[in-house]
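Listed here are the chains, written in short residue letters.
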Amino acid sequence: MKLPQGLKYWQAWFMRSLKEGSVGIWRNAFLSLTTVLLGALILFLLNFIFAIKFFTDYSLKNLESRADFTVPLREEVEVFALDGLKNKLNNTYDVTIDIWKGANFSTFSVPARLHIKFNDITQVEAVLETLQKLTYDEVIGDWDPKGERDFVNLVGKLMEIRSGTETVTLWLLVLFISGGILLAFNTFRMMIFARREEIFIARLVGATSKFIAGPFLIEGFFLGLLSAIIAIFSFIFILQKITVIPAGDIFLYLWENIFSYEILSAGFIGSLGAWIAIKKYLYQRLS
């Protein structure tokens, strides 16, 4: 099948840029290696933060699947008042409510209880405060909420960790993007400065900007790509050595949601840094 003329041009441009960009990486091997390792370090730390964020959410979901408590009811509770409490909880919160009947044994008795199952663990504290209101004193029996309060404190600490992790993740993303662009820019600024005469001669004989910039853009993409691959494999290696966390679940989360975007983003940022560095030499006045 014959390719259209325009597609042939871009194919030739890409193949030439790929060839020249690969040569450029080897020509500046030490600088390229340093850039790749620094980029990999940034991405490795970013993966670590993503893993902590997932582990916090994972812990909250595990707690959520077991988050329930029972509250004793008064012996002769009014059905109307009990229904009012149930409607209040069902309409306001994401909970599942059951009434457990009381039981009498030879030496002790268990009163009827209100069993509350939480579908959203963030609502535990609000539900607990609702049950402690004087409005429902005629429904709720003698009850010491100390154990439930300890559970609320645990949930609160996990929520603080998750909130802090999300903030750190956001700032590290900003750091990665800005630091990655700056890293690629400085790398290619040094490379281009050493090859500025080549660029000058190419412009002098009529080479287009995309013809000159192509190899540098491909080179930047490859450097970002290599950084991401090294960071990913390094993180997976470290993850295998840690046994106190669900490493398999963390890996699946990163594999399905992070790694592919990380590779593409790293390549794009490498190309963007290269473009910013070479732009000056493409459009400055020939003299």
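Please read these numbers as outputs of a predicted model, since none were measured by experiment.

(A) The environment of lysine 88, seen in detail. Tracing the backbone through its elements, the reader meets lysine 88 in helix 3 (residues 79-92). Not counting chain neighbours up to four residues away, the residues in contact with lysine 88 comprise Thr130 and Tyr136.

(B) Quick look at helix 9 (residues 259-283). In this model, helix 9 (25 residues) spans 36 Å end to end at C-alpha, consistent with the 36 Å of a helix rising 1.5 Å per residue. Of all bends in helix 9, the biggest is about 35°, found at alanine 277.

(C) How the structure looks around helix 4 (residues 124-131). Three or more residues of helix 4 are buried, namely Val124, Val127, Leu128, Thr130 and Leu131. Here the buried residues of helix 4 occupy an arc of 160° about the axis, which is enough to place them on one side.

(D) Quick peek at empty space enclosed by the protein. Under the definition given, this model contains one cavity of 30 Å³ or more. Estimated volume of the largest cavity: approximately 160 Å³. Taken together, 16 residues make up the lining of the largest cavity; nearest its centre are Gly180, Leu183, Gly224, Ser227 and Ala266. Contributions of two or more residues to the lining of the largest cavity are made by helix 2 (29-66), helix 5 (146-194), helix 7 (209-241) and helix 9. With five residues, the single largest contributor to the lining of the largest cavity is helix 5.

(E) Layout of the sheet that holds strand 2 (residues 95-100). With antiparallel pairing, three strands are arranged side by side in an open sheet as 1-5-2. Of all strands in the sheet, those bounded by a partner on one side alone are strand 1 (68-72) and strand 2. The sheet shows a mean angle of 20° between the axes of neighbouring strands, taken without regard to direction. For strand 1 and strand 5 (residues 113-118), the ladder comprises five bridges, and the chain directions are antiparallel. Among the inter-strand pairings, valine 71 is bridged to a residue of strand 5, identified as leucine 114. Most of the contacts of helix 3 go to strand 2, to which it runs at about 155°, and overall it touches strand 2 and strand 5.

(F) Expanded view of the environment of tyrosine 261. If you trace the backbone, tyrosine 261 turns up in helix 9. Spatially, the C-alpha atoms of tyrosine 261 and serine 271 are 15 Å apart, while their sequence positions differ by 10 residues.

(G) Main features of the packing of aromatic side chains. In total, this model carries five aromatic pairs according to the counting rule given. Taking 5.7 Å as the distance between ring centres and 70° as the angle between the ring planes, the aromatic pair formed by phenylalanine 44 and phenylalanine 235 counts as edge-to-face. Of the two residues, phenylalanine 44 is situated in helix 2 and phenylalanine 235 in helix 7; the sequence distance between them amounts to 191 residues. Owing to a relative accessible area of 21%, phenylalanine 44 belongs among the partly exposed residues under this scheme.

Thresholds, definitions, all that
Residues numbered from 1 in each chain as written. Predicted model: local features only at pLDDT ≥ 70, side-chain atom pairs only at ≥ 80, totals over all residues. Heavy atoms only, no water. Helix = DSSP H or I, 4+ residues; strand = E, 2+ residues; numbered from the N terminus. Contact = heavy atoms within 4.5 Å. Expected span 1.5 Å × (residues − 1). Bend = angle between axes of the 7 residues up to and from the residue. Buried < 20%, exposed > 50% of the residue type's maximum accessible area, 1.4 Å probe, protein only. Arc of directions from axis to C-beta. 1 Å grid on protein atoms, 1.4 Å probe; cavity = no way out; pocket = protein on both sides within 12 Å on 5 of 7 lines; lining within 4 Å. Points joined across faces, edges and corners; volume = space filled by probe spheres on them. Pairing = 2+ DSSP bridges. Axes fitted to C-alpha atoms, helices over the stretch in contact; angles between N-to-C directions. Phe/Tyr/Trp six-rings, centres within 6.5 Å; stacked < 30°, edge-to-face > 60°.

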